[in-house]
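# Inside the fold
Residue-level listing of the chains:
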Amino acid sequence: MSLLNVENLKTYYFTKRGPVKAVDDVSFQVEEGQAMGLAGESGCGKTTVALSIIKVLPSRGKIVGGKVSLKNLDITTIPEKQMKNVRWKRISLVFQGAMNALDPLYSLGDQIVEAILTHESKINKKEAMNRAEKLLQLVGIERNRLKSYPHELSGGMRQRGLIAMALACNPELLIADEPGTALDVIVQAQVLNIMEDLRRKLNLAVILITHDLSIIADTCDKVAIMYAGKVVEHASVSDLFEEPLHPYTQGLIQAFPNIKSRRTRMRSIPGSPPDLLDPPMGCRFHPRCPYAKSLCMEKEPSAQMAKREHSVACHLYHDT
Ligand code: SF4
């Protein structure tokens, strides 16, 4: 049984202009100790998937279909009271932007201790402080930084502090939403190395949300590519980079520099992602796809296995 099973998840935002289909029929699994990358352009629904998994959607967001299971616990149907035993204790989320996610009025130590005390009733403040110290050491921050306020820490330290806080209650799954945003490349690499280390040490499953495929190539076992609220390709990292099947994935890979291959000009994907209030008929990528044919404008391609453990939703491979 997978640790996390997302089946046909649909999450919409209900606006005055109509429902925005931010996540529309998304499925994937994450195994214990596995790292999965969730990639795609901004606005493709990656963060909404994360918010749906831990059920912290903004007031206009609603899960309207599908199921999210953590082992045999159906998260989508459990009441909010029971959800408190899932957040932090079983699934933690590291939000984008460390400065905004930390409270500027409290020291890093106090914030970690508060997270522990809020979610674990059998622990006292001294024990929580000891655990906070160990967590900081785990992410490479000296214990004397427990008393530091967010503005006294560098961007990398704040991000590592957030990771420490997310691990405060020993979760089985960590979701990291753009953990490298706003960090320079060297600090970003340090943060990602620490996450990779922790994953191996703690047998932690990780969902890494990013628009940067090179980060996924370095740190993940498998990857799901999202476009306009849908997963269009899902494969192991090695399969996806060796032979990307979906034209959107191919475009994304060509848009990133590759220091290992011969020098080629980077190419961007023409056009922009669709308005999810009124997505295009058929394949949502068809207005930007160089291979689009009439079928693509009429019929939505379903995700099917093109190869073992490599699925793609594209008419080039099926329905022809
Ligand atoms: Fe392109 Fe058609 Fe495949 Fe969509 S289904 S990605 S439009 S070829």
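Residues numbered from 1 in each chain as written. Predicted model: local features only at pLDDT ≥ 70, side-chain atom pairs only at ≥ 80, totals over all residues. Heavy atoms only, no water.

Each helix and strand in the protein chain was counted, giving 11 helices and 12 strands. Whereas a compact globule of 320 residues would reach a radius of gyration of roughly 20 Å, the protein chain reaches 20 Å, a difference of no more than 12%. For the protein chain, the spread of C-alpha atoms along the principal axes amounts to about 65 × 50 × 40 Å. Looking at the protein chain as a whole, 52% of its 320 residues are labelled buried. Sequence-distant contacts, at least 24 apart, represent 62% of the contacts inside the protein chain between residues at least 6 apart. Accessible area of the protein chain: about 16,100 Å², with a carbon and sulfur share of 50%. Considering the protein chain, the positive charge centre built from 41 side chains and the negative charge centre built from 35 side chains are found 3 Å apart. (Helix = DSSP H or I, 4+ residues; strand = E, 2+ residues; numbered from the N terminus. Rg over C-alpha atoms; globule rule 2.2 N^0.38 Å. Buried < 20%, exposed > 50% of the residue type's maximum accessible area, 1.4 Å probe, protein only. Contact = heavy atoms within 4.5 Å. Areas by Shrake-Rupley, 256 points an atom, 1.4 Å probe, with all protein chains shown as cover. Lys, Arg positive; Asp, Glu negative; His and termini not counted. Charge placed at Lys NZ, Arg CZ, Asp CG, Glu CD.)

A separate point is empty space enclosed by the protein. Leftover empty space is mapped by rolling, across the atoms, a probe with the size of a water molecule. In this structure the tally under the stated criterion is 2 cavities of 30 Å³ or more. Taken as a whole, the largest cavity spans an internal volume of roughly 90 Å³. Considered class by class, the residues forming the lining of the largest cavity number 10 nonpolar, 3 polar and no charged. Approximately 70 Å³ is the volume attributed to the second largest cavity. Taken together, Ala-35, Leu-192, Met-195, Glu-196, Arg-199, Val-206, Leu-208, Thr-219 and Cys-220 form the lining of the second largest cavity. Mapped onto the lining of the second largest cavity, the elements with two or more residues apiece are α7 (185–202) and β8 (205–210). (1 Å grid on protein atoms, 1.4 Å probe; cavity = no way out; pocket = protein on both sides within 12 Å on 5 of 7 lines; lining within 4 Å. Points joined across faces, edges and corners; volume = space filled by probe spheres on them. Nonpolar A, V, L, I, M, F, W, Y, C, P; charged D, E, K, R; others polar.)

A word on the site of the ligand. Residues in close proximity to the ligand total 13 residues, the closest being Cys-283, Cys-289, Cys-296, Cys-314 and His-315. For the ligand, the cavity whose grid points lie within 2 Å of the majority of its atoms is the largest cavity. Here the residues of the shell around the ligand are counted per class, giving 10 nonpolar, 3 polar and no charged. (Near = heavy atom within 4 Å. Sits in = over half its atoms within 2 Å of the grid points.)

Compared with the 26 Å implied by 1.5 Å per residue over 18 residues, the 25 Å span of α7 between its first and last C-alpha is a close match. Burial in α7 covers these residues: Val-187, Gln-188, Val-191, Leu-192, Ile-194, Met-195, Glu-196, Leu-198 and Arg-199. Buried residues belonging to α7 abut β3 (35–39), α5 (125–138), α6 (155–166), β7 (173–177), β8 and α8 (213–219). Of the residues trailing α7, Asn-203 is marked for its positive phi of about 50 degrees. (Expected span 1.5 Å × (residues − 1).)

We now examine the environment of Arg-131. Looking at the element boundaries, Arg-131 is found in helix α5. Residues Arg-131 and Ala-168 lie 37 residues apart in sequence; the distance between their C-alpha atoms is 7.7 Å. If near-sequence neighbours (up to four positions away) are discounted, Arg-131 is found in contact with Ile-116, Glu-120, Ile-123, Ala-168, Cys-169 and Asn-170.

What follows is about the pairing of strand β9 (residues 222–227). Within β9, 6 of the 6 residues are buried, which leaves it mostly tucked inside the rest of the structure. Of the two faces of β9, the one lined by Lys-222, Ala-224 and Met-226 and the one lined by Val-223, Ile-225 and Tyr-227 are each fully buried. Of the strand pairs in this sheet, β9 and strand β10 (residues 230–236) are connected by 6 bridges, and their pairing is antiparallel. From the neighbouring strand, Val-223 faces β10, where its bridge partner is Ala-235. Hairpin remark: β9 followed by β10, antiparallel, with 2 residues in the connecting loop; positive phi at Ala-228, about 50 degrees. (Pairing = 2+ DSSP bridges.)

Moving on: helix α10 (residues 247–254). Residues spaced three or four apart along an α-helix face the same direction, because each turn holds 3.6 residues. Pro-247, Tyr-248, Thr-249, Gly-251 and Leu-252 are the residues of α10 that are buried. Next to the buried residues of α10 lie α8, β9, β10 and α9 (237–242).

As a further point, take the pattern of salt bridges. All told, the structure shown has 16 salt bridges when counted by the stated rule. Across the pair Arg-284 and Asp-24 runs a salt bridge whose closest N-O atoms are separated by 2.6 Å. Of this pair, Arg-284 sits in the loop between α10 and α11 (294–298) while Asp-24 sits in strand β2 (residues 18–30), and the two are 260 residues apart along the sequence. Exposure remark for Asp-24: the relative accessible area of 7% places this residue in the buried category. One salt bridge connects Arg-199 with Glu-196, and the closest N-O pair in it is separated by 3.4 Å. In this pair, Arg-199 and Glu-196 are both assigned in helix α7, 3 residues apart and thus about one turn of the helix distant. (Salt bridge = Lys/Arg side-chain N within 4 Å of Asp/Glu carboxyl O.)

The next subject is the layout of surface pockets. By volume, the second largest pocket is sized at about 560 Å³. Lining the second largest pocket are 31 residues, with Ser-27, Val-231, His-234, Ala-303 and Ser-311 positioned closest to its centre. Elements represented by at least two residues in the lining of the second largest pocket include exactly β2, β9 and β10. Ranked by residues supplied to the lining of the second largest pocket, first place goes to β10 with 6 residues. Residues of the lining of the second largest pocket, tallied by class, amount to 11 nonpolar, 10 polar and 10 charged.

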